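An overview of the molecular structure
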Amino acid sequence: MPANARVSRRIASIAESATLAVDAKAKALKAAGRPVIGFGAGEPDFPTPEYIVEAAIEAARQPRFHRYSPAGGLPELKQAIADKTLRDSGYQVDPSQVLVTNGGKQAVYESFATLLDPGDEVLVPTPFWTTYPEAIRLAGGVPVEVFAGPEQGYLVTVDQLEAALTDNTKVLLFVSPSNPTGAVYSPEQVAEIGRWAAAKGLWVITDEIYEHLTYDGMPFTSIATAAPELGDKVVILNGVAKTYAMTGWRVGWMIGPKDVVKAATNMQSHATSNVANVSQMAALAAVSGPLTAVDEMKVAFDRRRKAMVDGLNAIEGVECPTPKGAFYAYADVRGLLGKEFSTADGTIRPATSAELAALILDEVEVAVVPGEAFGPSGFVRLSYALGDDDLATGVGRLQEFLAKAK
């Protein structure tokens, strides 16, 4: 790159978040009066519970929260997160092992930045959330995709991980429940993968933000407790966004050994300092309070999950395994690629899921995220964290349009 380039190679190489891009386009079309149904962003359609909002209002009235606070998080929130982790994961940590971050994404990046040196490899079960590989590359690491398709429920095996292992592998990324697939590993699978990682001397970074969203009796299992052999080479990522419908409040956290958390806190002290105090106090009310709100949301998510999967599997050329967690359906649309679709501008044969997603948005005003955002082409992700009526309308449009494929 020439010396006078306006943007650095490091930043120029980062792709825009595909999920946020799809959501932004859908919202722009809606604002222009178009009847768009957006299955793009993973954002609950419920308001933040009232007791959490009230805690934020009360905090905003207190002058001490109008000032800087410790870069690593309010002490009372760090203690509450430690208590919540013991309650929900059975994993005991000291508050000094907690770093409160500006949303889950900051925790993701800071974890990789703290652990990786240039050239270190990270095993990334695929399909993956679109931010993971970008955060790994930005931190100087190398993402190594390990793909598991619908025929194995989007769950990678130890044999697959072993085949991808090299002398440069330093970290295993582990996510269950998964974004984008909704796949959930059984307790036995979690323990097996954790023991394998420990035997290989790997770090494990585990994203547990969907821990409370599992269905059909499938339990959430933290790899930190399922595989105690990992010792202190595990970092837990979490946040309040999904469980408590708090996506806009921007509070996440990372939990890890004290030296790693201290180093990440030093980094955050230069990057952003403390998370907004009012948001931290809202998060304190959330993690300290009951899980009643998420239990109520789960009833709706479960209903929508079943309706979406049934509706997608009724389309010829679409295969959609039933997700056991989170609020996403990940549909295999390879059977539709190369088929002919008639449009006002003539016939189109989409060759990739990106082309198919663009066609669907243009023709029937339904926004889905193509598989290219999460790994290989040939798939689409649909969030069912939206209203029942919109879900039914959107799936109905997909059924009507995709049935015309020749």
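Owing to the predicted nature of the structure, the values given are computational and were not obtained by experimental measurement.

**With respect to the layout of surface pockets**
Empty space among the atoms becomes apparent when a probe as large as a water molecule is rolled across them. Roughly 530 Å³ of volume is contained in the largest pocket. Along the walls of the largest pocket sit 29 residues, with Gly42, Lys105, Trp129, Lys242 and Arg250 positioned nearest its centre. Elements that contribute at least two residues to the lining of the largest pocket include exactly α2 (18–31), α5 (103–115), α6 (131–138) and β7 (234–239). If you tally residues by element for the lining of the largest pocket, the top one is α5, at four residues. Of the residues that constitute the lining of the largest pocket, the class distribution is 12 nonpolar, 10 polar and seven charged. For the second largest pocket, the lining is made up of 15 residues, of which Asp23, Lys27, Lys30, Gly38 and Leu386 are closest to its centre. Put simply, the parts of the chain that give the lining of the second largest pocket at least two residues each are α2 and β1 (37–38). Element by element, the count of residues in the lining of the second largest pocket is highest for α2, at four residues.

**What to know about the pattern of salt bridges**
Scanning the model with the defined rule gives 18 salt bridges in all. Between aspartate 216 and arginine 305 there is a salt bridge whose closest N-O contact spans 2.8 Å. You can see aspartate 216 sitting in the loop between β6 (203–207) and α9 (223–226) and its partner arginine 305 sitting in helix α12 (residues 292–313), a full 89 residues away along the chain. Between aspartate 302 and arginine 305 there is a salt bridge whose closest N-O contact spans 2.7 Å. Here aspartate 302 pairs with arginine 305, and both are found in helix α12, just three residues apart, close to one helical turn. Its relative accessible area of 1% is what places arginine 305 among the buried residues. Via salt bridges that share partners, Asp216, Asp302, Arg305, Lys306 and Lys324 belong to a single interconnected network.

**Quick look at the packing of aromatic side chains**
A complete count under the given rule lists 13 aromatic pairs for this structure. Centroid distance tyrosine 210 to phenylalanine 327: 5.5 Å. Interplanar angle 85 degrees. Geometry classified as edge-to-face. Note that tyrosine 210 is positioned in the loop between β6 and α9 and phenylalanine 327 in the loop between α12 and β9 (328–332), a separation of 117 residues in sequence. Each member of the pair, tyrosine 210 together with phenylalanine 327, is buried. Here phenylalanine 301 and phenylalanine 327 contribute two aromatic rings whose centre-to-centre distance is 5.2 Å and whose plane-to-plane angle is 55 degrees, an arrangement assigned as tilted. Of the two residues, phenylalanine 301 is situated in helix α12 and phenylalanine 327 in the loop between α12 and β9; the sequence distance between them amounts to 26 residues. Taking the relative accessible area as the measure of exposure, phenylalanine 301 reaches 0% and is therefore buried. The rings of Phe46, Tyr210, Phe301, Phe327 and Tyr328 are connected pair by pair, giving a single aromatic cluster.

Rules behind the numbers
- Residues numbered from 1 in each chain as written.
- Predicted model: local features only at pLDDT ≥ 70, side-chain atom pairs only at ≥ 80, totals over all residues.
- Heavy atoms only, no water.
- 1 Å grid on protein atoms, 1.4 Å probe; cavity = no way out; pocket = protein on both sides within 12 Å on 5 of 7 lines; lining within 4 Å.
- Points joined across faces, edges and corners; volume = space filled by probe spheres on them.
- Helix = DSSP H or I, 4+ residues; strand = E, 2+ residues; numbered from the N terminus.
- Nonpolar A, V, L, I, M, F, W, Y, C, P; charged D, E, K, R; others polar.
- Salt bridge = Lys/Arg side-chain N within 4 Å of Asp/Glu carboxyl O.
- Buried < 20%, exposed > 50% of the residue type's maximum accessible area, 1.4 Å probe, protein only.
- Phe/Tyr/Trp six-rings, centres within 6.5 Å; stacked < 30°, edge-to-face > 60°.

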